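Examining the three-dimensional arrangement
The residues making up each chain are set out below.
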Amino acid sequence: MSDPRSRLGVPRWILLPALLGAGFVLLPLVAIVARTPWGRFGELLTSQASQDALWLSLRTATASTLLCLVLGVPMALVLARSSYRLLGVVRSLVLLPLVLPPVVGGIALLYTFGRRGLLGQTMEVLGIQVAFSTAAVVLAQTFVALPFLVVSLEGALRTAGERYEAVAATLGARPTTVLRRVTLPLVLPGLVSGTVLAFARALGEFGATITFAGSLQGRTRTLPLEIYLRRETDAEGAVALSLVLVVVAVLVIGVAGQRRSAL
Amino acid sequence: MRRTAAALVAVTALLLTGCSGAADDPGDVLTVYAASSLTAPFTELGGQFEAEHPGVTVRFSFAGSSDLVAQLQEGAPADVFASADQATMDKLTADDLAASAPVPFATNTLEIVVPADNPAGIRSLADLESTEVRLVVCAPEVPCGAAAQRLAERAGVTLTPVSEEQKVTDVLAKVSSGEADAGLVYVTDVRAAGDAVRGIEVPEAGSVVNVYPIAPVTTAVDPSLAQEFVDLVVSDAGQRVLSRAGFGPPDATSGDSG
């Protein structure tokens with residue numbers, strides 16, 4: 001328990017495992033770049049299957065991120081601002097998809113929205129068929145991405161505290177006005193990073209999608225599913241598409257980082 | 001803090017060595033890479049092989065044939081490889097990874113699979129053409145999907161599946177859960193799936209026969225042991241086990257199974 005702090009503010013020996021960890025994350029990315037078939041890169045990316053998959057991935061990830069915002073912001077507000085006793089249990093259950101293997105999520109969704117599922121039969125009567133549709137992909141992505149948004153926003157809300165909200169309320173602002181003019185602007189950075197995390201998680205969703213939505217070009221075969229299928233016949237093509245997903249992820253995180261620091 | 005970190009490292013090291021310690025006994029372990037559809041009969045044959053070779057443990061890796069070949073090409077350590085089709089085995093021989101010429105040991109044909117209550121009332125391949133029927137098949141990139149495509153061509157039907165799955169088991173799961181009305185899978189898969197599904201024989205299936213080849217791999221730790229496993233699979237005893245699982249004999253030209 002000695003305290004030989006370096007100028008970094010952390011014990012120097014921490015650097016070794018930290019560097020090892022960074023290498024462990026970065027080296028596989030280098031490996032993907034090294035194995036990318038640059039000669040065929042353009043042709044691989046412009047193939048109809050790749051474009052369908054990329055376009056579908058972007059569309060569904062955007063839709064599920066919007067759904068996450070609509071459902072997740074109120075959830076985070078309730079979790080952070082109310083003092084109901086059983087809320088701790090509710091929070092743990094609602095955040096379960098965070099730690100659940102996605103394939104388990106897919107099975108759970110199947111038995112909920114599937115044809116013979118809890119809600120599926122009612123929906124079938126109403127003429128709504130979810131299974132094997134793009135909507136199923138969005139549901140699967142929302143299911144796994146929602147906790148990411150809720151967790152980061154709830155953390156931001158707790159950090160921001162209720163001081164300004166209380167002041168606004170004593171000055172006569174109605175709860176909705178306080179939420180719109182005080183709370184949300186205060187936690188905007190947390191909201192942005194939560195949204196970005198949710199989008200990235202939705203973009204990478206694989207297990208729940210393949211279990212619940214199936215795999216059909218242009219309808220349910222998102223980029224991760226296309227990569228997995230491409231590996232069957234064309235390992236190089238799979239690597240090229242993987243790189244696309246890496247680049248998109250880097251772009252998303254980069255854009256979010258800039259927007260956060262600008263605030 | 002330092003003590004905690006040291007303890008963490010020690011525990012991690014222990015876990016890792018614990019995992020590989022059991023696996024790295026050279027010579028006494030025979031590793032067989034086999035197509036998923038072979039799971040039941042090969043597990044049984046593995047038991048027989050261990051009984052005949054005291055001290056030898058047979059380990060299996062069951063997965064899609066193409067996945068397995070990709071792993072072998074990346075240097076995965078295996079002694080024997082059994083593929084669900086010739087095209088996938090050709091990838092192994094093309095990379096000089098087969099220790100001897102692959103031997104055909106079984107055949108498999110396609111069948112329509114429906115949920116046990118057959119909600120869409122499917123009776124033939126032609127019934128699958130209706131867009132009302134939610135049909136699930138394998139993707140053309142994998143052997144069962146390629147076979148389904150050939151079958152549709154031979155039979156002159158146009159299939160419009162709602163999903164093209166990557167594995168036979170995914171097709172089966174979607175049919176047995178009632179999510180899909182029908183699927184195209186191998187006869188052996190229907191048999192292995194039990195009561196949740198029903199198989200419907202397809203007369204045209206006899207023209208699309210998948211031949212399963214097996215070969216020892218060049219990286220085999222003990223080549224003679226690998227060859228002995230191949231011999232067991234093609235022997236009368238091996239053929240009896242395979243036939244019970246629904247596989248046809250390797251020289252079958254008609255689709256009759258069992």
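From a predicted model like this one, the values you see are computed outputs, not experimental measurements. By convention here, each chain's residues receive numbers from 1 onward along its written sequence. The lettering of chains begins at A and the numbering of ligands begins at 1, in the order of writing. Since the coordinates come from a predicted model, pLDDT governs what is reported: local features require at least 70, and pairs of side-chain atoms require 80 or more to be given and counted, while whole-chain, interface and lining totals use all residues. Hydrogens and waters are ignored; side-chain quantities use all the structure's heavy atoms.

This part covers the domain arrangement of chain A. Residues and elements named next belong to chain A. When its domains are assigned, chain A resolves into domain 1 (1-35) and domain 2 (40-262). For domain 1 versus domain 2, the separation of C-alpha centres amounts to 30 Å. Regarding the contact of domain 1 and domain 2, the summed buried area is about 330 Å², with carbon and sulfur atoms giving 89% of it. Buried area: the accessible surface (1.4 Å probe) lost by two parts on joining, summed over both. In terms of surface lost to domain 2, no three residues of domain 1 exceed Leu29, Ile32 and Arg35, which account for 86% of the buried area on that side. A pair is scored as a salt bridge if a Lys or Arg side-chain nitrogen falls within 4 Å of a carboxyl oxygen belonging to Asp or Glu. The interface formed by domain 1 and domain 2 contains zero salt bridges. Polar contacts, as used here, are pairs of N or O atoms within 3.5 Å; protein pairs need one atom able to donate a hydrogen and one able to accept it. Residues neighboring in sequence count only if both atoms are side-chain atoms. Summed over the shared surface of domain 1 and domain 2, the number is zero residue pairs in polar contact (both at pLDDT 80 or more). The domain limits used here are those given by an automatic or database domain assignment.

Turning next to the sheet that holds strand β5 (residues 110-115) of chain B. Residues and elements named next belong to chain B. Two strands form a pair only when DSSP identifies at least two bridges running between them. Helix and strand labels come from DSSP, where a helix needs a run of H or I of at least four residues and a strand needs a run of E of at least two; each type is numbered from the N terminus. The five strands are arranged β7-β6-β8-β5-β9 in an open sheet whose pairing can be described as mixed. At either end of the open sheet lies a strand with only one pairing partner, and these are β7 (163-165) and β9 (197-200). Here the strands of the sheet are splayed against their neighbours by 35 degrees on average, with no regard to which way each runs. Note: strand β6 (residues 135-138) against β7, three bridges, orientation parallel. The partner of valine 137 across the bridge, within β7, is glutamate 164. Any two residues whose heavy atoms approach within 4.5 Å at even a single point are treated as in contact. Only the contacting stretch of a helix is used when fitting its axis, a line to C-alpha atoms as for every element, and angles between N-to-C directions run 0 to 180 degrees. Those strands touched by helix α6 (residues 168-176) are β5, β6, β7, β8 (182-186) and β9, and its axis lies near 145 degrees from that of β8.

All names here are of chain B. Only protein atoms enter the 1 Å grid, on which a cavity is a set of points fitting a 1.4 Å probe that cannot get out and a pocket is an open set with protein on both sides within 12 Å along at least 5 of 7 lines, lining residues being those with an atom within 4 Å of a point. Grid points are joined across faces, edges and corners, and a volume is the space filled by probe spheres set on the points. Its volume calculated, the largest pocket comes out at about 420 Å³. As for the largest pocket, its lining consists of 28 residues, of which Ala35, Ser36, Ser37, Val168 and Asp189 are closest to the centre. For the lining of the largest pocket, the secondary-structure elements that each account for two or more residues are α2 (39-52), α3 (65-73), α5 (143-155), α6 and α7 (187-193). Looking at the lining of the largest pocket, the element that brings in the most residues is α7, giving four residues.

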